[in-house]
Amino acid sequence: MSETPIPLCVPHLAGNEWLYVKECLDTNWVSSVGLFVDRFERAVADYVGCRHAVAAVNGTAALHVALLVSGVAPEDEVLVSDLTFIAPVNAIRYVGAWPVLIDAEPDHWQMDPQKISDFLELECEPRRDGLYNRLTGRRVKAILPVHILGHPCDMDPLIECARRYGLSLIEDASESLGARYKGRHVGSLGHIACFSFNGNKVITAGGGGMLVTDDDEWAARAKYLTTQAKDDAVEFIHGEIGYNYRLTNVQAAIGVAQMEDLDSLIDAKRRIADVYLRELASVPGVQPMGQAPWAASTWWLFTTLINPQVYGEDRRALHMRLAQGGITTRPLWQPMHLSPAHRGVQAYRCEVSERLHRDAVSLPSSAGIAAEDQRRVVASIVR
Ligand SMILES: Cc1ncc(COP(=O)(O)O)c(C=O)c1O
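Residues numbered from 1 in each chain as written. Predicted model: local features only at pLDDT ≥ 70, side-chain atom pairs only at ≥ 80, totals over all residues. Heavy atoms only, no water.

Report on the site of the ligand, specifying residues and quantitative values.
If you check the shell around the ligand, you find 16 residues, and the closest are Gly59, Thr60, Asp172, Glu175 and Ser196. Here glycine 59 contributes a backbone N or O atom positioned 2.8 Å from an oxygen atom of the ligand. For the ligand, whose accessible area on its own is 380 Å², the fraction buried by protein is 91%. Elements represented by at least two residues in the shell around the ligand include exactly helix 3 (59-69) and helix 4 (87-94). Considering each element in turn, the shell around the ligand owes the most residues, three residues, to helix 3. When its residues are assigned to classes, the shell around the ligand shows five nonpolar, eight polar and three charged. (Near = heavy atom within 4 Å. Polar contact = N/O pair within 3.5 Å; in protein donor to acceptor, adjacent residues only side chain to side chain. Areas by Shrake-Rupley, 256 points an atom, 1.4 Å probe, with all protein chains shown as cover. Helix = DSSP H or I, 4+ residues; strand = E, 2+ residues; numbered from the N terminus. Nonpolar A, V, L, I, M, F, W, Y, C, P; charged D, E, K, R; others polar.)

Here you go:
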């Protein structure tokens with residue numbers, strides 16, 4: 001008999017989702033305005049500790065708009081994590097700017113602050129109107145760290161770099177809602193930040209995104225751009241080219257219910273991580289991701305390195321073997337400097353991300369995973 005499948009990371013809908021969606025249907029408020037959109041925005045802003053939140057149709061759209069409102073212009077450059085899901089790097093290209101890919105650091109796999117600082121100091125020069133990359137001759141406008149896998153980047157050095165060189169600091173916190181850096185929520189550390197509520201994230205709205213900022217003007221402009229840049233809703237007068245990026249009330253209704261459960265969902269993720277950390281600690285060749293002393297990770301997607309020489313199997317073989325038993329695992333993303341989609345963009349000393357991609361595998365981490373299913377995953381790895 002084949003075993004029941006264990007997915008990688010699926011939604012956990014166990015609260016008021018049904019009630020709130022029914023309310024949308026009962027009241028006929030199903031589309032892109034409605035009280036749940038406002039409530040969702042308020043809930044996220046309050047949780048993260050920002051003055052404003054603007055909902056968007058997904059995290060990628062939120063990133064696109066965050067880049068626009070923070071003043072990134074065509075032919076500018078944005079320093080961005082090399083080891084990331086592709087969305088933030090694509091969003092930089094949507095605005096006609098160029099990514100400069102910065103390596104991951106080896107300890108917690110986040111964007112390397114030392115390499116950012118080296119790049120800005122050694123490879124760039126100040127000119128009258130900003131900092132310029134000597135190699136490309138382009139202006140460096142922003143830093144876009146991606147907090148991957150539920151763990152925060154080391155933000156203080158990035159905040160200092162942004163301040164020193166007058167750069168915008170845009171956090172991609174899509175995978176890390178609820179994570180803290182030195183006690184402060186990711187999303188509240190830079191000038192503007194984005195979240196995703198895609199189905200595999202710590203909370204979901206079916207799909208959806210949000211940007212948060214303390215800047216009144218940026219927030220107003222983000223709302224304007226996400227709603228087709230409408231100046232006069234009666235006469236259909238649009239001041240510029242905007243986007244249809246608004247979240248629907250039905251999605252926001254799910255998001256509001258999920259926000260009510262966010263802390264318990266994060267607790268569940270932490271319990272899952274504790275089990276993996278305990279059970280895998282003594283398996284030779286298996287080296288799980290760690291947590292920095294200054295971090296409170298949400299452990300969104302538990303990931304481990306596999307040393308094939310010591311473990312006797314590489315992460316691909318492990319993935320295949322577990323798949324045969326119905327267990328879904330996943331490698332980390334191809335580093336962006338190897339991505340055909342971004343061929344030719346500048347990559348700054350990207351060595352660590354390649355090694356992490358070669359050896360890392362993410363394990364089932366759904367908040368609702370049954371204890372016996374997690375035991376099955378562990379047993380398949382321990383052998
Ligand atoms: C780091 C990161 N940024 C951005 C996104 C894009 O979010 P969305 O899928 O909601 O567009 C995702 C995931 O989906 C992500 O993992």
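Alright, that's what it looks like, and here's the rest.
Any details on the sheet that holds strand 9 (residues 184-185)? Residues and values, ideally.
Think of a sheet as strands paired side by side through backbone hydrogen bonds, with each pair either parallel or antiparallel. Read from one edge to the other, the open sheet built from three strands follows the order 9-8-15, with strand pairing classed as antiparallel. Here the strands that pair on one side only, and so sit at the sheet edges, are strand 9 and strand 15 (295-296). With two bridges connecting them, strand 8 (residues 180-181) and strand 9 associate as antiparallel partners. Counterpart to tyrosine 181 in the pairing with strand 9 is arginine 184. (Pairing = 2+ DSSP bridges.)

Just give me the short version of the packing of aromatic side chains, but keep the residues and values in it.
Throughout the structure, instances matching the rule amount to seven aromatic pairs. With a centroid separation of 4.8 Å and 50 degrees between ring planes, the pair formed by phenylalanine 40 and phenylalanine 197 is classed as tilted. Placement of phenylalanine 40 in helix 2 (residues 35-48) and of phenylalanine 197 in the loop between strand 10 (192-196) and strand 11 (209-213) is noted, with a sequence separation of 157 residues between them. Residue classification places phenylalanine 40 among the buried residues on the basis of a relative accessible area of 0%. With a relative accessible area of 0%, phenylalanine 197 lands in the buried category. A ring pair is formed by tryptophan 299 and phenylalanine 302, whose centres lie 5.7 Å apart and whose planes are at 20 degrees; its orientation type is stacked. Neither tryptophan 299 nor phenylalanine 302 differs from the other in exposure class; each is buried. (Phe/Tyr/Trp six-rings, centres within 6.5 Å; stacked < 30°, edge-to-face > 60°. Buried < 20%, exposed > 50% of the residue type's maximum accessible area, 1.4 Å probe, protein only.)

Interpretation in functional terms is not warranted from these geometric data alone.
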